[in-house]
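Letter by letter, the chains look like this.
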Amino acid sequence: DNGTLIGSHNVYDFHGEAQNVGMVQTWNQCEQMLLTSVDKAESVLLMDTETGSALSELSLRRQQKNWKMTVDSITPMQKFEQYKASKEFNLFGLGDGGKTVFALSHDSRAGENVEEFVIRADSSRKYKSYTFSCHAQTKGGHLVLGRTDGAVALYDAIMQSEKAACVLDGMPGPVTSIDVSADGSMVVWTTPEFVFFSCPSEAHWTSGVKPGGKPAILKLDVRREDLQKMVALETGRAEGGASDDAPEGEEESEGTDELPQWMPVRFDAGTAKDDAGTAEREIITYCGSTQLRWNVAKAKEAWSALDAREEGSAMPAPFYGTAKGVGGPVFRHVTVKDDIDIVALGDEMVKSLRF
């Protein structure tokens, strides 16, 4: 109300010491926030959204060797759980530079305090062979993890076995972002250069033999002419955004000027409610000043054709998305409600884009 700029607020821990924020996860119908701190890498701060005050601080350590554990990122155990009214939070997290996966359950009604939270031996797992870079979860609590080697690992019970139920590999890495549909039937992820899409079955989420093997991996592509316009736009060689209705093309985007360093990819329906029957309709990401989106139903059709392809037969046509300029370089975006994307354009403005 008094004109204070977003981002100029100071954030303090429970003792009043200034903190640099690592990441933010809303909770309890967005009335509370869970923050990781750059200054306290082993802690998670619970804060009041309205006042910005720290309600409690959890300092994490492992049970078995009394080690402190650094926190890289956290996500609800069940997708959309943060939009429900709850005084308890149940989280999955990555720690120790992507080497540790942990589960955390805490009751925020414990009162205002600083608490040492012990991650039990059966609630965390440290990996030596893999480094995880990002994670997402289904509504049923299954966890999908992106790795620095380019693989995507599906887990039904991450703490029970180090071995994933299914690993989608063979793609260049690292995986920079990942999202999964609420029912677990679709996974989308990015690497610095590409966007990939797959449709695992229920069997791929559980341990055991998988009928038919691993699901195919579809590359979500950009039309060559769109990519050239995007490159020109970002290098100042052209005015305006990429075409929203570019003509159909047959050429792959490979071989053109370099550009993609994809922003995190998301399904829409970011706040879907159980009683609304909302289903994912679009896949959205950004590259510089351009929004790229792919229709989910058509992506599934293209994936089905690829998955059914017999070895040695011709590859199906690439699946292209729709490109649209948004007026400035995007450095953050999030889907809200069922068809709105909120984007931050540099230091200038925040826009809401309705499809």
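Residues numbered from 1 in each chain as written. Predicted model: local features only at pLDDT ≥ 70, side-chain atom pairs only at ≥ 80, totals over all residues. Heavy atoms only, no water.

1. Here's the deal with the packing of aromatic side chains
One pass over the full model with this rule turns up five aromatic pairs. Residues Trp 27 and Phe 89 carry aromatic rings whose centres are separated by 6.2 Å and whose planes lie at 85 degrees to one another, so their mutual orientation is edge-to-face. With a gap of 62 residues between them, Trp 27 in strand E1 (residues 21-27) and Phe 89 in strand E6 (residues 88-95) connect regions that are remote in the sequence. For Phe 89, a relative accessible area of 1% puts it in the buried group. Centre to centre, the rings of Trp 189 and Phe 196 are 5.8 Å apart; their planes meet at 40 degrees, and the pair counts as tilted. Summarising the burial analysis for this pair, Trp 189 and Phe 196 share the class buried. By the ring-pair criterion, three or more aromatic residues cluster together here, those being Trp 189, Phe 194 and Phe 196. Against the face of Tyr 130 rests Arg 147, its NZ or CZ located 3.7 Å from the ring centre. (Phe/Tyr/Trp six-rings, centres within 6.5 Å; stacked < 30°, edge-to-face > 60°. Helix = DSSP H or I, 4+ residues; strand = E, 2+ residues; numbered from the N terminus. Buried < 20%, exposed > 50% of the residue type's maximum accessible area, 1.4 Å probe, protein only. Lys NZ or Arg CZ within 6 Å of the ring centre and 35° of its normal.)

2. Observations concerning the side chain of Thr 75
Relative to the helices and strands, Thr 75 is located in strand E5 (residues 71-76). Within polar-contact distance, the side chain of Thr 75 engages the side chain of Gln 137 at 2.8 Å. (Polar contact = N/O pair within 3.5 Å; in protein donor to acceptor, adjacent residues only side chain to side chain.)

3. Here's the deal with the sheet that holds strand E21 (residues 319-320)
Reading across the sheet, the five strands line up as E14-E15-E16-E17-E21 and stay open at both edges, with mixed pairing between neighbours. Of all strands in the sheet, those bounded by a partner on one side alone are strand E14 (177-180) and E21. (Pairing = 2+ DSSP bridges.)

4. Side note on the environment of Trp 27
Judged by relative accessible area, which is 1%, Trp 27 ranks as buried. Remark: the alpha-carbon pair of Trp 27 and Phe 80, spanning 53 residues in sequence, is separated by 9.7 Å.

5. Some remarks on the environment of Phe 89
Through-space distance from the C-alpha of Phe 89 to that of Leu 104 is 7.9 Å; in sequence the pair is 15 residues apart. The residues contacting Phe 89, other than those within four sequence positions of it, are Trp 27, Leu 34, Leu 46, Leu 58, Leu 104, Ser 105, His 106 and Ser 108. (Contact = heavy atoms within 4.5 Å.)

6. Re the environment of Ser 105
Structurally, Ser 105 is set in strand E7 (residues 100-107). With 17 residues separating them in the primary sequence, Ser 105 and Glu 88 have C-alpha atoms 7.3 Å apart. Excluding residues that lie within four positions of it along the chain, Ser 105 makes contacts with Met 77, Phe 89, Asn 90 and Phe 117. Separated by 2.9 Å, the side chains of Ser 105 and Asn 90 make a polar contact.

7. Here's the deal with the sheet that holds strand E8 (residues 113-119)
Taken in spatial order, the five strands line up as E1-E2-E3-E4-E8 in an open sheet, and their pairing is mixed. This sheet does not close on itself; its edge strands, each paired only once, are E1 and E8. Averaged over neighbouring strand pairs, the angle between their axes works out to 25 degrees when direction is ignored. As defined by bridge partners, strand E3 (residues 43-48) adjoins strand E4 (residues 54-62) across five bridges and the pair is classed as antiparallel. Bridge pairing in E4 places Met 47 opposite Ala 54. (Axes fitted to C-alpha atoms, helices over the stretch in contact; angles between N-to-C directions.)

8. Let's talk about the confidence of the model for the protein chain
With 86% of its residues at a pLDDT of at least 70, the protein chain reaches an overall mean of 82. The weakest mean pLDDT in the protein chain belongs to strand E25 (residues 349-354) at 73; the strongest belongs to strand E15 (residues 187-190) at 97. Predicted confidence is poor over residues 237-256, with pLDDT under 50, and the contacts of this stretch with residues over four places away or in other chains come to 50 contacts. (pLDDT = per-residue confidence, 0-100.)

9. Let's talk about the pairing of E3
By the criterion of burial, E3 is predominantly enclosed, with five of the six residues buried. Alignment of strand E2 (residues 32-37) against E3, held across five bridges, turns out to be antiparallel. Note on E3: the bridge partner recorded for Met 33 is Met 47. With antiparallel pairing between neighbouring strands as the criterion, E3 and E4 make up a hairpin whose turn holds five residues, including Gly 52 at a positive phi of roughly 75 degrees.

10. Here's the deal with the pattern of salt bridges
Counted according to the given criterion, the structure contains eleven salt bridges. For the salt bridge of Lys 40 with Asp 13, the shortest nitrogen-to-oxygen distance reads 2.6 Å. Pair noted here: Lys 40 is in the loop between E2 and E3 and Asp 13 is in the segment before E1, with a separation of 27 residues, a long-range link. When its relative accessible area of 15% is taken as the criterion, Lys 40 is described as buried. In this structure, the salt-bridge partner of Asp 122 is Arg 120, at a minimum N-O distance of 3.0 Å. Taking relative accessible area as the criterion, Asp 122 reaches 48% and is therefore assigned partly exposed. A relative accessible area of 45% means that Arg 120 is categorised as partly exposed. (Salt bridge = Lys/Arg side-chain N within 4 Å of Asp/Glu carboxyl O.)

11. A look at the nonpolar core
Counting 25 residues, the largest nonpolar core has Val 188, Phe 197, Leu 218, Leu 220 and Ile 283 as its most contacted members. Elements with a contribution of two residues or more to this core: strand E16 (195-198), strand E17 (218-221), helix H1 (224-235), strand E19 (282-287), strand E20 (290-295) and helix H2 (296-307). Here this core gets five residues from one element, more than from any other, and that element is H2. Residue contacts for Val 188: discarding those within four places in its chain leaves Ser 177, Ile 178, Asp 179, Val 195, Phe 196, Phe 197, Leu 220, Val 265, Phe 267 and Ile 283. (Core = buried A, V, L, I, M, F, W, Y, C linked by side-chain atoms within 4.5 Å.)

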